[in-house]
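Notes for the structure review
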Amino acid sequence: MEYSFNELVELAYSTKDSRTHGWFLISSPVKVVMIIIAYLLLVLRIGPRFMKNRKAYDLKYTLAIYNLFQIIYNSHMFVTIGTQTQMIRSLMNDDCTIERGAEEQLECFGFGWMFLINKLFDLLDTIFMVLRKKQDQVNFLHLYHHSSMVLLVWSSFKYLGIREEFGIVMTINSGIHVVMYFYYLVAAMGPSYQKYLWWKIYITRIQIGQFLVPPLYMIAAIVRGCRLPSECILWIYINAVVFILLFVNFYRQTYTKSSKIAHKNGSVKKCEKST
């Protein structure tokens, strides 16, 4: 099907639920794209140049407040969105959906909007890395994950609406972020707390596991005979595969035996240089 230019513009600005069209950042795709472009320029060009001849900022108390805020925010989303997500019950229905009234649907959109705003807050992670001169942590996985999550959440909210599988994603992701930002909170407290951070590997495993849940849910729904939009199935599977591949690669590079040996050898060389 071919669209005229005006039809494409109208399609780009259309919203799944017209009541949310005027919400902050929802009306236009231009705004969120500009935020991502500004974010990438800031952390890849402007920030590193600004910090080139400056000492790294400590940001100990700033990070403590930020991480605590993220823990509270994500805990709130985990509880509120989790109570609305009825994964098992939805599989018992023929079309895998839960009947909700107009006000209940709008409330669910509100949860989706909260989740989108949180993905914008997450961009501060990278900015803090740049200000602390930890540019080596600003790798492709980090940038892709933060940028794509904003665009994926916005696009899903705008064009696909609030479905049970999206509620599952938001609930699990919020729960994982509570654990993750608690880890960051402890890490920001200084070197003396490093001994309490042995469980980082389990956070990565859980992150990988979260990307398996939505595809498995959709397989169960298809087997059950539910009617699912093809664009929704394609959307979830493509992104799940991309994220799994990227995080598994990160896991192998960070936690495999060969990486540990290389890290150990690097530490020995540093000791030899210092002596």
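Values in this document were obtained by computation on a predicted structure and should not be read as measured data.

A short note on the packing of aromatic side chains
Under the defined criterion, the tally for this structure stands at 19 aromatic pairs. Where Tyr181 meets Tyr184, the ring centres are 5.5 Å apart and the plane angle is 80°; that geometry is what we call edge-to-face. On the criterion of helical spacing, the pair formed by Tyr181 and Tyr184 is a turn pair, its members being three residues apart in helix 8 (residues 164-187). Here Tyr181 falls in the buried class, since its relative accessible area comes to 0%.

A word on the UniProt feature "transmembrane region" (unreviewed entry) in the chain
UniProt feature "transmembrane region" (unreviewed entry): in the numbering of this structure it lies at residues 20-42, 63-83, 111-131, 143-162, 168-190, 202-222 and 234-251. Taken end to end, residues 20-42 is 61% helix and 0% strand, and its two terminal C-alpha atoms sit 30 Å from one another.

Overview of the pattern of salt bridges
In total, this model carries one salt bridge according to the counting rule given. A salt bridge links Lys119 to Asp122, with the nearest nitrogen and oxygen atoms 3.0 Å apart.

Comments concerning helix 6 (residues 124-131)
Along helix 6, the residues that are buried comprise Asp125, Thr126, Phe128, Met129 and Val130. Positive phi appears at Lys133, one or two residues downstream of helix 6, with a value of about 60°.

Quick notes on the packing of helix 2 (residues 29-51) against helix 7 (residues 140-160)
Packing of helix 2 against helix 7 brings their axes to within 10 Å, and their N-to-C directions diverge by 170°. In terms of axis orientation, helix 2 runs roughly antiparallel to helix 7. Across the interface between the two elements, Pro29, Val32, Ile36, Tyr39, Leu40, Val43 and Leu44 from helix 2 touch His142, Leu143, His146, Ser147, Val150, Leu151 and Trp154 from helix 7. By residue class, the composition of the contact of helix 2 with helix 7 is 11 nonpolar, three polar and no charged.

Some thoughts on the packing of helix 3 (residues 60-84) against helix 5 (residues 102-121)
In a packed pair of helices, the relevant descriptors are the angle between the two axes and the axis-to-axis distance. Where helix 3 meets helix 5, the axes come as close as 11 Å, and the angle between the chain directions of the two elements is 155°. The angle between helix 3 and helix 5 falls in the class roughly antiparallel. For helix 3 against helix 5, the interelement crossing comes out left-handed. Only Glu107, Cys108, Phe111, Met114, Phe115, Ile117, Asn118 and Phe121 of helix 5 make contact with helix 3, whose side of the interface consists of Tyr66, Phe69, Gln70, Tyr73, Asn74, His76, Met77, Thr80, Ile81 and Gln84. Residue classes in the contact of helix 3 with helix 5 are distributed as 11 nonpolar, six polar and one charged.

Quick word on the nonpolar core
Among the nonpolar cores identified, the biggest contains 35 residues, and Met77, Phe115, Leu116, Leu120, Val150, Phe243 and Phe247 are the most heavily contacted of them. If you list the elements that add at least two residues to this core, you get helix 2, helix 3, helix 5, helix 6, helix 7 and helix 11 (230-255). Among the elements that make up this core, the one with the highest residue count is helix 7 (eight residues). Excluding anything up to four places from it in sequence, Phe243 contacts Tyr144, His145, Ser148, Met149, Leu152 and Phe211. Counting residues in hydrophobic clusters, the runner-up holds 14 residues, among them Leu59, Phe128, Met180 and Tyr183.

Reading the values: the criteria
Throughout, a residue's number is its position along its own chain's written sequence, starting from 1. In view of the model being predicted, local features appear only for residues whose pLDDT reaches at least 70, and side-chain atom pairs are presented and counted only at 80 or more, with totals across whole chains, interfaces and linings using the full set of residues. The side-chain values count all of the structure's non-hydrogen atoms but skip hydrogen atoms and water molecules. Between rings of Phe, Tyr and Trp, where Trp is taken as its six-membered ring, a pair exists when centres lie within 6.5 Å; planes separated by under 30 degrees are stacked, by over 60 edge-to-face, and by other angles tilted. Segments assigned H or I by DSSP are reported as helices when at least four residues long, segments assigned E as strands when at least two residues long, and all are numbered from the N terminus. Each residue gets one of three labels from its accessible area relative to the maximum for its type: buried under 20%, exposed over 50%, partly exposed in between, using a 1.4 Å probe on protein chains only. UniProt positions are given in the numbering used here, feature names are shortened, and annotations may be inferred rather than shown by experiment. A pairing counts as a salt bridge when a side-chain nitrogen of Lys or Arg comes within 4 Å of a carboxyl oxygen of Asp or Glu. All axes are obtained by fitting lines to C-alpha atoms, using only the stretch in contact for helices, and the reported angles, taken between N-to-C directions, cover 0 to 180 degrees. Our angle categories are set so that under 35 degrees counts as roughly parallel, over 145 as roughly antiparallel, 65 to 115 as roughly perpendicular, and the remainder as oblique. Contacts were defined at the residue level, with two residues in contact if any of their heavy atoms lie within 4.5 Å. For this classification, the nonpolar set comprises Ala, Val, Leu, Ile, Met, Phe, Trp, Tyr, Cys and Pro, the charged set comprises Asp, Glu, Lys and Arg, and every other residue, Gly included, is treated as polar. Crossings are classed by handedness, with left-handed meaning an anticlockwise turn of the near helix from the far one by less than a right angle and right-handed meaning a clockwise turn. By nonpolar core we mean a set of buried residues, namely Ala, Val, Leu, Ile, Met, Phe, Trp, Tyr and Cys, connected to one another through side-chain atoms within 4.5 Å.

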